[in-house]
Amino acid sequence: MARRDIDLNRCLFHYTNITCNRCQEICPQGAIHNREIDREKCDNCGLCTAVCPTGAITSDTDYDSCLTAAQKLAPQVLMCRKVSQKAMACLGALNRRLLWALAEKQPLAMDTSRCAQCNPAVQNWLAQEIAACNQALQEAGKATIKLVHVKDSAPEPQAVARRSFFRSLFHAASDTAAEIAQAQTERQYAFDGTIWLDKQDTSPCQLFPGLELTASCTACGLCTMLCPEKALIISDSEAGKKLHFNPIKCTACGLCVNNCPQSILKLLPSFAGQTEFSLQEETPPAPPADSSFTLQRG
């Protein structure tokens, strides 16, 4: 049984002027409804993790450690648990931006050969994300992701008791190990892809969203307060105020756009290169043209 939950403190549902059902819409098992995950239906594919804009999905898979472990392999390769017990449960949690961060620095290979038979929805998702990432890699002059077939790893040998004298001891140790394994399985991990991306010193490309200001901004700062990933920051200097946009942290959730008092923010499907915007502070209304008055004595 999969162990997935939605952290309502991170979910977008409690914000105004925003509706997000990405996890529910992508779930191939129909296991998500009204921000609750039916563990009996969930197959732990991770597609909900791949599309969640705020990292609100918790699971029993430590994706951070799995991605870091893949980076240390030579060559760098991503695989699922059907290939290796040390790999992530399913590759469905990956998206094009995570793949870009991995493939940008060194060649990346992936084994998706079991996906079609195991979970066609994951196969279709990965094919789409890999194709988008490969296009960006080609335009950047980098090596594209290669699909490989890794031979199944052999099961680890089991310890065998050689003397009946130690049978009771081994039996007790086995019970203890089972309890520890169960406790580790029940542990929940939170994975926010933007936090992991930010740690990789990733360069933004067309796979990341862009931002545009359609008119002069008054620097009210509401967008910076609402952004759950802190992709927007306002700075103040002698040159004036500026809005700084970090495409690596932006997940295109739409909170800033939908709640802008001036309705001047616009999200772009692809990053166009602009990360700074000059702002114009709101000035008080000018006094009337004739502001003179006469003081009369009583």
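Described in the following lines is the structure provided in the data block. The shown structure was predicted, so the numbers you read here are calculated from the model rather than taken from an experiment.

### So, the environment of Ala239
Topologically, Ala239 is positioned in the loop between β10 (232-237) and β11 (240-245). On the basis of relative accessible area, Ala239 is assigned to the exposed category, the value being 70%. Considering only alpha carbons, one finds Ala239 and Ser278, 39 residues apart in sequence, at a separation of 9.2 Å.

### Section: the pattern of salt bridges
In total, this model carries eight salt bridges according to the counting rule given. Lys199 is paired through a salt bridge with Asp64; the nearest N and O atoms lie 3.1 Å apart. Of this pair, Lys199 sits in helix α8 (residues 193-199) while Asp64 sits in helix α3 (residues 63-71); the two residues are 135 residues apart in sequence, bridging distant segments of the chain. Classification of Asp64 as partly exposed rests on a relative accessible area of 25%. The residue Lys242 makes a salt bridge to Glu276 at a minimum N-O spacing of 3.5 Å. Here Glu276 lies in strand β13 (residues 276-278) and Lys242 lies in strand β11, a separation of 34 residues in the sequence. Residue Lys242 is classed as partly exposed on the basis of its relative accessible area, which comes to 28%. Bridged by salt links that share partners, the residues Arg10, Asp192 and Glu229 form one connected network.

### Considerations on the side chain of Ser59
Residue placement: Ser59 occurs in strand β4 (residues 57-59). Here Thr61 takes part through its backbone nitrogen, which lies 3.2 Å from a polar atom of the side chain of Ser59. Leaving out residues up to four positions away in the same chain, Ser59 has contacts with Arg3, Arg4, Arg187, Gln188 and Tyr189.

### A few points about the sheet that holds strand β7 (residues 146-147)
Spatially, three strands are ordered β5-β6-β7 in an open sheet, and the strand pairing comes out parallel. Unpaired on one side and paired on the other, β5 (76-78) and β7 mark the two borders of the sheet. Relative to strand β6 (residues 108-110), β5 runs parallel, the two being bridged by three bridges. The residue bridging Gln76 from the neighbouring strand is Leu108, located in β6. Together, β5 and β6 form the strand contacts of helix α4 (residues 96-105), whose direction differs from that of β6 by roughly 130°.

### Examining the nonpolar core
Of all hydrophobic cores here, the largest spans 63 residues; its most connected members are Leu78, Leu94, Leu99, Met110, Leu126, Ile145 and Leu243. No other element matches helix α6 (residues 120-139), which puts eight residues into this core. For Leu243, the contacting residues outside a window of four places in its chain are Leu211, Leu213, Cys223, Thr224, Leu232, Ile233, Ile234, Leu265, Thr275, Glu276, Phe277 and Leu279. In terms of nonpolar packing, the next biggest core, distinct from the first, is built from 13 residues, Ile6, Ile37, Cys42 and Ala56 among them.

### Some points on α4
Counting buried positions over the ten residues of α4 gives seven, a clear majority of the element. When we look at burial in α4, the residues that qualify are Leu98, Leu99, Trp100, Ala101, Leu102, Ala103 and Glu104. A side-chain oxygen of the first residue of α4 lies 3.1 Å from the backbone nitrogen of Arg97; this N-cap is Asn95.

### Some words on the pairing of β10
By the bridge criterion, six bridges tie β10 to β11 in an arrangement that is antiparallel. Counted as the bridge partner of Asp236 is Lys241 from β11. Linking β10 to β11, which pair antiparallel, is a turn of two residues.

### Let's talk about the packing of α4 against α6
Remark: α4 packs on α6, axes separated minimally by 9 Å, with the N-to-C direction vectors making an angle of 45°. Considering the angle they form, α4 stands oblique to α6. The hand of the α4/α6 crossing is right-handed. From α4, Arg96, Leu99, Trp100, Ala103 and Glu104 reach across to α6, where they touch Gln128, Glu129, Ile130, Ala132, Cys133, Ala136 and Leu137. The residue makeup of the contact of α4 with α6, split by class, is eight nonpolar, one polar and three charged.

### Some details on the sheet that holds β11
Pairing is antiparallel in the open sheet, where three strands are placed in the order β10-β11-β13. Both outer strands of the open sheet, β10 and β13, are each paired with one neighbouring strand and no more. Neighbour to neighbour, the strand axes of the sheet diverge by 25° on average, direction disregarded.

### Remarks on the layout of surface pockets
Approximately 430 Å³ is the volume found for the largest pocket. Ala50, Asn95, Arg96, Arg97 and Glu129 are, among the 29 residues lining the largest pocket, the residues nearest its centre. Where the lining of the largest pocket is concerned, the elements lending two or more residues are α2 (47-51), α4, α6 and α8. Per-element tally for the lining of the largest pocket: the top contributor is α6, with five residues. Looking at the lining of the largest pocket residue by residue, the classes come out as 14 nonpolar, ten polar and five charged.

Parameters and conventions
- Residues numbered from 1 in each chain as written.
- Predicted model: local features only at pLDDT ≥ 70, side-chain atom pairs only at ≥ 80, totals over all residues.
- Heavy atoms only, no water.
- Helix = DSSP H or I, 4+ residues; strand = E, 2+ residues; numbered from the N terminus.
- Buried < 20%, exposed > 50% of the residue type's maximum accessible area, 1.4 Å probe, protein only.
- Salt bridge = Lys/Arg side-chain N within 4 Å of Asp/Glu carboxyl O.
- Polar contact = N/O pair within 3.5 Å; in protein donor to acceptor, adjacent residues only side chain to side chain.
- Contact = heavy atoms within 4.5 Å.
- Pairing = 2+ DSSP bridges.
- Axes fitted to C-alpha atoms, helices over the stretch in contact; angles between N-to-C directions.
- Core = buried A, V, L, I, M, F, W, Y, C linked by side-chain atoms within 4.5 Å.
- Parallel < 35°, antiparallel > 145°, perpendicular 65-115°, else oblique.
- Left-handed = near helix turned anticlockwise from the far one by under 90°.
- Nonpolar A, V, L, I, M, F, W, Y, C, P; charged D, E, K, R; others polar.
- 1 Å grid on protein atoms, 1.4 Å probe; cavity = no way out; pocket = protein on both sides within 12 Å on 5 of 7 lines; lining within 4 Å.
- Points joined across faces, edges and corners; volume = space filled by probe spheres on them.

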